[in-house]
Amino acid sequence: MSATNIDVTKTVETSDKLAAQLPDPVGYKILVVKPEIEEKTEGGILKPSEFLRKEEAGAVIGFVMKMGDLAYKDEAKFPTGPWCKVGDFVLLRAYSGSRFSANGKEFIMVNDDQIEGTVLDPRGINRAY
């Protein structure tokens, strides 16, 4: 499978527009939006909508939108501080967390310790099959 091309700008814009309409995470939960996947291949071919949906659903990259009030507050568990912050692209396990959709987008509530890494440029990072 070829690399997933994430539309970074569209992902950030979508999260900004939807943030007020979404649930606020409580406790140690983090609200993550699945990335917007570019609709065309590098060669300019449109990807089928079902293919886009599957790429988004299985994506291992997410964009941190909101954090619960207790996220990363456990100093014994996180002695070096938070692993991520609002506005970071993060690496997650595929299909982890509590998944839901709103306005046609997929979101996940994950525990603060389910973040596996931060990613400066998420384009081209996808789950290995």
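Residues numbered from 1 in each chain as written. Predicted model: local features only at pLDDT ≥ 70, side-chain atom pairs only at ≥ 80, totals over all residues. Heavy atoms only, no water.

### A few points about the overall build of the protein
Part 1 of the argument: Each helix and strand counted, the protein has two helices and six strands in total.
Part 2 of the argument: Each helix (α) and strand (β) of the protein, taken in turn from the N terminus, gives the series α-β-α-β-β-β-β-β.
Part 3 of the argument: Looking at the 129 residues of the protein, the share that counts as buried comes to 43%.
Part 4 of the argument: Contacts in the protein between residues at least 24 apart in sequence constitute 75% of all its contacts with a sequence separation of at least 6.
Part 5 of the argument: Here the protein has roughly 7,300 Å² of accessible surface; of this, 53% comes from carbon and sulfur atoms. (Helix = DSSP H or I, 4+ residues; strand = E, 2+ residues; numbered from the N terminus. Buried < 20%, exposed > 50% of the residue type's maximum accessible area, 1.4 Å probe, protein only. Contact = heavy atoms within 4.5 Å. Areas by Shrake-Rupley, 256 points an atom, 1.4 Å probe, with all protein chains shown as cover.)

### A closer look at the nonpolar core
Part 1 of the argument: The biggest cluster of nonpolar side chains holds 13 residues, and the ones touching the most others in it are Leu22, Leu31, Met65 and Phe107.
Part 2 of the argument: Among the elements of the structure, strand 1 (29-33), strand 2 (61-67) and strand 5 (105-111) are those that each provide at least two residues to this core.
Part 3 of the argument: Top contributing element to this core by residue count: strand 2, with three residues.
Part 4 of the argument: For leucine 31, the residues in contact, after removing those within four places along its chain, are Leu22, Pro23, Pro25, Phe63, Val64, Met65, Lys66, Phe100, Phe107, Ile108 and Met109.
Part 5 of the argument: Counting residues in hydrophobic clusters, the runner-up holds twelve residues, among them Val32, Tyr72, Val90 and Leu92. (Core = buried A, V, L, I, M, F, W, Y, C linked by side-chain atoms within 4.5 Å.)

### Notes on unusual backbone geometry
Part 1 of the argument: Backbone geometry at tyrosine 72 places phi at a positive 65 degrees, although glycine is not the residue there.
Part 2 of the argument: Mapping tyrosine 72 onto the fold places it in the loop between strand 2 and strand 3 (89-91).

### Some points on the pairing of strand 1
Part 1 of the argument: Burial analysis of strand 1 places four of its five residues in the buried class, which makes it a mostly covered element.
Part 2 of the argument: Across five bridges, the pairing between strand 1 and strand 5 is antiparallel. Each residue of the ladder has a partner; that of valine 33, found in strand 5, is phenylalanine 107.
Part 3 of the argument: Bridge count for strand 1 against strand 2 is four bridges, and the pairing is antiparallel. Bridge assignment links isoleucine 30 to a residue of strand 2, and that residue is methionine 67. (Pairing = 2+ DSSP bridges.)

### Some points on the pairing of strand 4 (residues 98-102)
Part 1 of the argument: Of the strand pairs in this sheet, strand 4 and strand 5 are connected by five bridges, and their pairing is antiparallel. Residue serine 98 lies in a different strand from strand 5, and its bridge partner there is methionine 109.

### As for the pattern of salt bridges
Part 1 of the argument: Evaluated as defined, the whole model comprises five salt bridges.
Part 2 of the argument: Between aspartate 88 and lysine 85 there is a salt bridge whose closest N-O contact spans 2.9 Å.
Part 3 of the argument: Looking at aspartate 88, the relative accessible area reads 14%, which means it is buried.
Part 4 of the argument: Among the ionic pairs, glutamate 106 bridges to arginine 99, the shortest N-O distance being 2.6 Å.
Part 5 of the argument: Owing to a relative accessible area of 14%, glutamate 106 belongs among the buried residues under this scheme.
Part 6 of the argument: According to the relative accessible area criterion, arginine 99 is partly exposed, its value standing at 28%. (Salt bridge = Lys/Arg side-chain N within 4 Å of Asp/Glu carboxyl O.)

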